[in-house]
Structure formats: structure tokens, C-alpha cells
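Structure at a glance
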Amino acid sequence: MKAVDETIYLRLRHRIRVNPGFTVRLSHIAQIHAPSGIQETLLDTPVQTISKADGNTVVIDMMKIISCIKKKIPDAAVSPVGPAATIVEVAAKKRYLPLLFFILIWILLFLGSALGIINFHEDVGMRAAQEKIYYLITGIRDNTPLMFQIPYSLGLGAGMVIFFNHAFKKKFNEEPSPLEVEIFNYQQDIDHYILLNENKENMKHFDHP
């Protein structure tokens with residue numbers, strides 16, 4: 001192939017998901033801007049075939065991709081932009097949760113959440129505060145001011161729904177909920193760990209001479 005002096009701009013995707021046995025090509029993990037004569041060839045360039053031995057995640061770094069490009073176009077000038085590696089997540093077979101197991105988990109989470117709310121209200125003396133507020137409004141002393149407690153309980157549930165910006169699978173707006181932000185931060189930490197530990201070139205051990 002005739003040498004091309006123009007620069008090849010390469011931007012890796014952060015993460016992709018594939019099935020075992022899938023051949024990862026450059027078009028799957030990168031955005032490429034190159035001369036039209038070679039761009040189609042580059043996009044079809046195989047980088048790595050994922051096997052079961054690779055485990056759940058594979059890290060493909062920029063140096064490996066540049067090596068693949070150089071094999072096809074020795075005189076290529078590659079200019080990387082953005083991330084230095086792509087995480088390839090190997091999809092596992094879906095496991096269906098037994099209905100009984102799902103119900104047990106749901107009950108456990110429900111009871112745990114309920115106990116957490118009850119213990120919090122007991123610690124801050126919410127019942128006594130509600131009784132005092134009810135007495136100040138009505139002038140009647142009542143150990144169970146249901147007219148106050150029922151709307152408060154409904155408002156507590158509605159407030160949680162609004163706070164987490166979800167009602168089952170429906171979102172009220174495009175703004176991410178606090179839970180989604182925390183999951184995103186957790187995923188970022190996992191990806192950072194994978195990039196540092198799954199890439200063998202990042203960690204080398206050399207014996208003393």
C-alpha cells in the first residue's frame with residue numbers, strides 16, 4: 001500500500017460490550033479521522049479476538065492499536081485523542097432469578113428500609129414532635145394523631161420518589177438522580193481499577209541483576 005503522510009486521528013471509546021468469540025475491530029473501539037483512501041481499511045482492521053480465557057474484562061490500550069495500524073500502514077502518523085485505553089466487557093449468559101428468591105430479597109429490602117426509617121424517627125423523637133404539633137394546631141392531646149401522621153407518611157414516600165427521580169421505570173426529567181450519580185462514580189472507580197490492574201503493561205516486575 002502506498003505510504004500516506006497525512007495524520008490519522010484516533011479517539012478510543014471508553015467501554016464496549018461484546019460476546020465471547022467476538023473479533024474486535026478498530027471500528028468497534030475507536031473513532032477515526034483519516035484520508036478517505038485508507039479510512040475504510042483502518043476501520044476493518046482486527047485488533048483482538050475475545051476468548052473465554054480472557055475473563056470478564058479485557059483492556060486494549062493505545063500502543064496495541066498503534067501497532068496494528070503500523071502493520072498495515074508502516075509510515076502512518078497516528079495522533080491519539082482522548083482515552084488511552086478501551087475496556088472490553090465480555091457479556092455473560094443471563095441468569096434468571098427464581099421467583100421465590102426474588103420475593104425473599106424484596107421482603108428483606110423492604111423490612112430493612114422500614115426498620116431504618118422507624119429507628120431514625122425514634123432516635124429524633126418524631127412521634128413526640130408530631131403529638132406536640134397536633135396539640136398546638138387543634139388544642140387536643142392525642143397519642144396517635146392519625147390526621148397528621150397519615151399525610152406525613154404519604155408525603156415521606158412521595159418525597160423519596162421525587163428525590164430519586166424515579167417511579168418504577170419512569171423518570172420525571174432528564175436530570176440524573178443521586179442514586180444514578182453514585183452508581184456512575186462507583187463505575188468510574190471500577191473502570192479506573194481495571195485500567196490499572198488488567199493491563200499487564202502498567203505493572204511490571206524486574207528482578208535485580
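Residues numbered from 1 in each chain as written. Predicted model: local features only at pLDDT ≥ 70, side-chain atom pairs only at ≥ 80, totals over all residues. Heavy atoms only, no water.

Side note on the overall build of the protein chain
For clarity, the cut-off: Put simply, DSSP marks the helices as runs of H or I at least four residues long and the strands as runs of E at least two long, and each gets a number from the N terminus on. This radius of gyration counts C-alpha atoms alone. The globule rule is 2.2 Å times how many residues there are, raised to the power 0.38. Only protein chains enter the calculation, and the probe is 1.4 Å; a residue is then buried if its accessible area is under 20% of its type maximum, exposed if over 50%, and partly exposed in between. Calculation of accessible area relied on Shrake-Rupley with a 1.4 Å probe; when residues are assessed, cover is drawn exclusively from the protein chains displayed.
Each helix and strand counted, the protein chain has seven helices and ten strands in total. Expected size for 209 residues packed as a compact globule is a radius of gyration near 17 Å; at 28 Å, the protein chain overshoots this value by more than 25%. Counting only C-alpha atoms and orienting by the principal axes, one finds that the protein chain spans roughly 95 × 45 × 35 Å. Counting all 209 residues of the protein chain, 22% fall into the buried class. Surface exposure of the protein chain reaches about 15800 Å², of which carbon and sulfur atoms provide 62%.

Description of the side chain of Thr-86
Rules: The term polar contact refers here to a pair of N or O atoms within 3.5 Å; inside protein, the definition further demands a hydrogen-donor-capable atom paired with an acceptor-capable atom, and it admits residues adjacent in sequence only when both atoms are side-chain atoms. We call two residues in contact when some of their heavy atoms are within 4.5 Å.
Within the secondary structure, Thr-86 sits in strand β8 (residues 85-90). Overall, the relative accessible area of 0% leaves Thr-86 in the buried class. A polar contact of 2.6 Å, which involves the side chain of Thr-86, links it to the backbone oxygen of Arg-13. Not counting the four nearest positions on each side in its chain, Thr-86 is found in contact with Leu-12, Arg-13, His-14, Arg-15, Ile-16, Ile-29, Val-58, Val-59 and Ile-60.

Some details on the UniProt feature "transmembrane region" (unreviewed entry) in the protein chain
To be explicit about the condition: UniProt positions are given in the numbering used here, feature names are shortened, and annotations may be inferred rather than shown by experiment.
Per the UniProt annotation, the sites labelled "transmembrane region" (unreviewed entry) are residues 96-118 and 150-168. The span residues 96-118 carries 87% helix and 0% strand; its end-to-end C-alpha distance comes to 33 Å.

A look at the packing of helix α5 (residues 126-138) against helix α6 (residues 146-164)
Condition: A fitted line through C-alpha atoms serves as each axis, taken over the contacting stretch for helices, and the angle formed by two N-to-C directions is quoted from 0 to 180°. Small angles under 35 degrees read as roughly parallel and large ones over 145 as roughly antiparallel, with 65 to 115 read as roughly perpendicular and the rest as oblique. Handedness of each helix crossing follows the sense of rotation of the near helix against the far helix: counterclockwise by less than a right angle gives left-handed, clockwise gives right-handed.
The interhelical angle for the contact between α5 and α6, taken along N-to-C directions, is 125 degrees, at an axis separation of 9 Å. Classed by the angle they form, the pair α5 and α6 counts as oblique. Between α5 and α6 the crossing geometry is right-handed. Together, Met-126, Arg-127, Gln-130, Ile-133 and Tyr-134 of α5 and Met-147, Phe-148, Gln-149 and Tyr-152 of α6 make up the contact between the two elements.

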